[in-house]
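Take a look at the letters that make up each chain.
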Amino acid sequence: MLAERYARIRDTTRVYERVLFESPRVPSELELQARWFAGDFGKHFVSTTGDKVDIVQFGVWNREAGPDFRDAAVKINDSEAIHGCIEIDVLDRSWESHGHATNPTFESTVLHVFVERSSRAFFTRTPSNRNVPQVCIDPAILPEAFNPNIPLARPGRCQAPLKNLPEEGVRSVLDGAAQFRLRQKANRIRNMIDTHRRDETLFQEIATALGYKENKLPFTLLTQRLSLRMLRQNVENCEALLFGTAGFLETPDIDIYKNSTREYVRQLWDRWWPHRNDLQRLILPAKAWHLSSTRPVNHPQRRLAALAVLVCQWARLQRASGKSSVAAANDFFQSLEHPFWNSHYTLASDAAPKEMALVGKSRVADILANVLFPFWLAYDLESAPSATTRLWTEYANLPAELSNRRLETAATRLFGSDPRRKKFLRSVAHQQGLLQIYEDFCMQDNSDCTACPFPEQVAKWT
Ligand code: SF4
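Residues numbered from 1 in each chain as written. Predicted model: local features only at pLDDT ≥ 70, side-chain atom pairs only at ≥ 80, totals over all residues. Heavy atoms only, no water.

(A) Quick look at the overall build of the protein. Scanning the protein from terminus to terminus reveals 18 helices and nine strands. The globule rule puts the C-alpha radius of gyration for 462 residues at 23 Å, and the 25 Å found for the protein is close to it. Taking the principal axes of the C-alpha coordinates as reference, the protein spans close to 70 × 60 × 40 Å. Relative to its 462 residues, the protein shows a buried fraction of 52%. When the accessible surface of the protein is totalled, it reaches about 21,800 Å², and 50% of it is carbon and sulfur. Taking the average location of the 59 positive side-chain charges in the protein and that of its 54 negative ones, the two points are 3 Å from each other. (Helix = DSSP H or I, 4+ residues; strand = E, 2+ residues; numbered from the N terminus. Rg over C-alpha atoms; globule rule 2.2 N^0.38 Å. Buried < 20%, exposed > 50% of the residue type's maximum accessible area, 1.4 Å probe, protein only. Areas by Shrake-Rupley, 256 points an atom, 1.4 Å probe, with all protein chains shown as cover. Lys, Arg positive; Asp, Glu negative; His and termini not counted. Charge placed at Lys NZ, Arg CZ, Asp CG, Glu CD.)

Structural data, given as structure tokens:
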């Protein structure tokens, strides 16, 4: 089986983005970052305190809040590789003036790189007061001309053997990694079922998927704190209990809501208030939620309403899930409706001009790939091992709805400029396989690909 073959290997040109600047006479911060990442400053440095600093991995560009590069690795005085983020500034004190010293997203910084040193000594400190090694770089050593394209991630050593593999060979490697990943998820779910039973496990896992990606933790916490069983026993109040425990009903003044919302919020409050004292200890703090970086249609309040609808329609979900079929699951999720949330983004927003799906297509695809298929496999492995072949065939045919930054990074590392790259990202299975390889090899590599076993193994795959 391909999954076993992948498990065995597991145990043993840059890509350019759009032009961001044109005449780099005075290097901007962005240019410095780009040139740093391109390796123009080298890989071996001496820190401001005289320590030897070697860059083992330059990491990847961070497209979210936090330092400039994440998943980097450095060695200090030939130590073990230290994994974390790298921040690059023009001035050393920008760390302080930009608020990084108190920003928790900068806690994992392992190296602070800058061009200009202040006249007074400046120490780079994280929010927990950890001292971050500093490296001062000199742009004067750079060649004049600079390629104005910025690399997203560096193609790795495996790019060549993968390019030499026929398309079927690459698909087979990705299939092997995807089957391995699916089986691992199924094993995890089977262990959860042993502890939490079948329905609670399904409920918690769907909630986590609804929290993707910034709010997985609060969704998981909610379903751990309010069990499916308890919510089903209070089914007429379940939406209010979920919203109240989420901390979304803490404002006592109903007048802050728009007219179209007031009646709905009043109903939630009336149902929540009698339970509030009992559940007070379980209410999530506001800081548990990440609201700013989510698209309105994916706002956690909409997703929470969807979870409440699932509780109310649990018997239907059980029947749909029991068929172990993509079509039945799609039909079920597409049929979900809510009189308020079909046309609202948040409790505070105006009504949207047109109705939206309560659970969108890409979310359903994610629930299928990460919850339902592993769940079905966990069950089938126990009850009917022969069904796994049919399940895999259905899984392999799931079309991918979306890509994301992690996938693009993985694709850049493995496929670089291979023109077949897009084709290899069209199915959920191949996306999942790619992520598995990235996590098993790229994320474990401390040698900038030199000691990674994947290229040699993949060359032998056919
Ligand atoms: S670490 Fe290994 S799998 Fe990742 S890009 Fe380098 S050679 Fe390829």
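(B) Representation of empty space enclosed by the protein in the model. Taken as a whole, the largest cavity holds about 90 Å³ of empty space. Lining the largest cavity are 13 residues; nearest its centre among them are Cys158, Phe441, Cys442, Cys449 and Cys452. Among the elements of the structure, helix H16 (405-415) and helix H18 (454-459) are those that each provide at least two residues to the lining of the largest cavity. Considered class by class, the residues forming the lining of the largest cavity number eight nonpolar, two polar and three charged. (1 Å grid on protein atoms, 1.4 Å probe; cavity = no way out; pocket = protein on both sides within 12 Å on 5 of 7 lines; lining within 4 Å. Points joined across faces, edges and corners; volume = space filled by probe spheres on them. Nonpolar A, V, L, I, M, F, W, Y, C, P; charged D, E, K, R; others polar.)

(C) Expanded view of unusual backbone geometry. Omega for the peptide link from Tyr212 to Lys213 comes to -5°, which places this bond in the cis form. Among the structural elements, Lys213 can be located in the loop between helix H6 (198-210) and helix H7 (216-225). For Asn77, which is not glycine, the phi dihedral falls at a positive 50°. Structurally, the position occupied by Asn77 is in the loop between strand S5 (69-76) and strand S6 (82-91). For Asn77, a relative accessible area of 43% puts it in the partly exposed group. Backbone geometry places Asp448, a non-glycine residue, at a positive phi of 55°.

(D) Inspection of helix H17 (residues 428-440) at higher detail. Taking 1.5 Å per residue, 13 residues should reach 18 Å; H17 reaches 18 Å between its end C-alpha atoms and fits that length. Of all 13 residues in H17, twelve are buried, a share of seventy percent or more. Taken together, the buried positions of H17 are Val428, Ala429, His430, Gln431, Gln432, Gly433, Leu434, Leu435, Gln436, Ile437, Tyr438 and Asp440. (Expected span 1.5 Å × (residues − 1).)

(E) Just the pattern of salt bridges, in detail. Counting across every chain of the model gives 20 salt bridges. The shortest N-O distance in the salt bridge between Arg181 and Glu439 comes to 3.2 Å. Taken together, the residues Arg181 in helix H5 (residues 167-196) and Glu439 in helix H17 connect sequence positions 258 residues apart. We classify Arg181 as buried; its relative accessible area is 12%. (Salt bridge = Lys/Arg side-chain N within 4 Å of Asp/Glu carboxyl O.)

(F) Region of the structure containing helix H12 (residues 314-322). Buried within H12 we find Trp314, Leu317, Ala320 and Ser321. The buried residues of H12 occupy one face: seen down the axis, they fall within an arc of 120°. Those residues of H12 that are exposed and angled more than 90 degrees off the buried face are Arg319 and Gly322. (Arc of directions from axis to C-beta.)

(G) Structural view of the site of the ligand. In the vicinity of the ligand, the contacting residues are Gly156, Arg157, Cys158, Arg413, Phe441, Cys442, Asp445, Cys449, Cys452, Phe454 and Pro455. Judged by its atoms lying within 2 Å of the grid points, the ligand is housed in the largest cavity. Each residue belonging to the shell around the ligand can be placed in one class, and the counts come to seven nonpolar, one polar and three charged. (Near = heavy atom within 4 Å. Sits in = over half its atoms within 2 Å of the grid points.)

(H) Broad picture of the packing of aromatic side chains. Applying the stated criterion to the full structure yields 20 aromatic pairs. Summarising the aromatic geometry, the rings of Phe340 and Trp341 are spaced 5.0 Å apart at their centres and angled 85° between planes, so their arrangement reads as edge-to-face. The aromatic ring of Trp461 is capped on one face by Arg5, whose charged end is 4.3 Å from the ring centroid. Positioned over the ring face of Trp273 is Arg276, at 5.5 Å from the centre of the ring. (Phe/Tyr/Trp six-rings, centres within 6.5 Å; stacked < 30°, edge-to-face > 60°. Lys NZ or Arg CZ within 6 Å of the ring centre and 35° of its normal.)

(I) Structural detail: the confidence of the model for the protein. Residues with a pLDDT of 70 or more make up 91% of the protein, whose mean pLDDT is 87. Here residues 144-151 is a poorly scored stretch, pLDDT under 50, and it has 30 contacts once near neighbours within four places are set aside; other chains count. (pLDDT = per-residue confidence, 0-100. Contact = heavy atoms within 4.5 Å.)

(J) Representation of the side chain of Asp68 in the model. Turning to its location among the elements, Asp68 is positioned in the loop between strand S4 (60-61) and S5. At 2.7 Å, the side chain of Asp68 and the backbone nitrogen of Ile88 are in polar contact. Asp68 has contacts with Gln33, Val60, Trp61, Asn62, Ile86, Glu87 and Ile88, leaving out every residue within four places of it along the chain. (Polar contact = N/O pair within 3.5 Å; in protein donor to acceptor, adjacent residues only side chain to side chain.)

(K) Spotlight on the nonpolar core. Formed by 74 residues in total, the largest nonpolar core has its most connected members in Phe243 and Phe333. For this core, the element with the most residues is helix H14 (residues 361-383), which contributes eleven residues. Setting aside residues up to four positions removed in sequence, Phe243 forms contacts with Phe248, Leu249, Tyr264, Leu268, Gln301, Leu304, Ala305, Trp341 and Leu347. Counting residues in each nonpolar core, the second largest holds 31 residues, with Cys158, Val170, Phe180 and Phe415 among its members. (Core = buried A, V, L, I, M, F, W, Y, C linked by side-chain atoms within 4.5 Å.)

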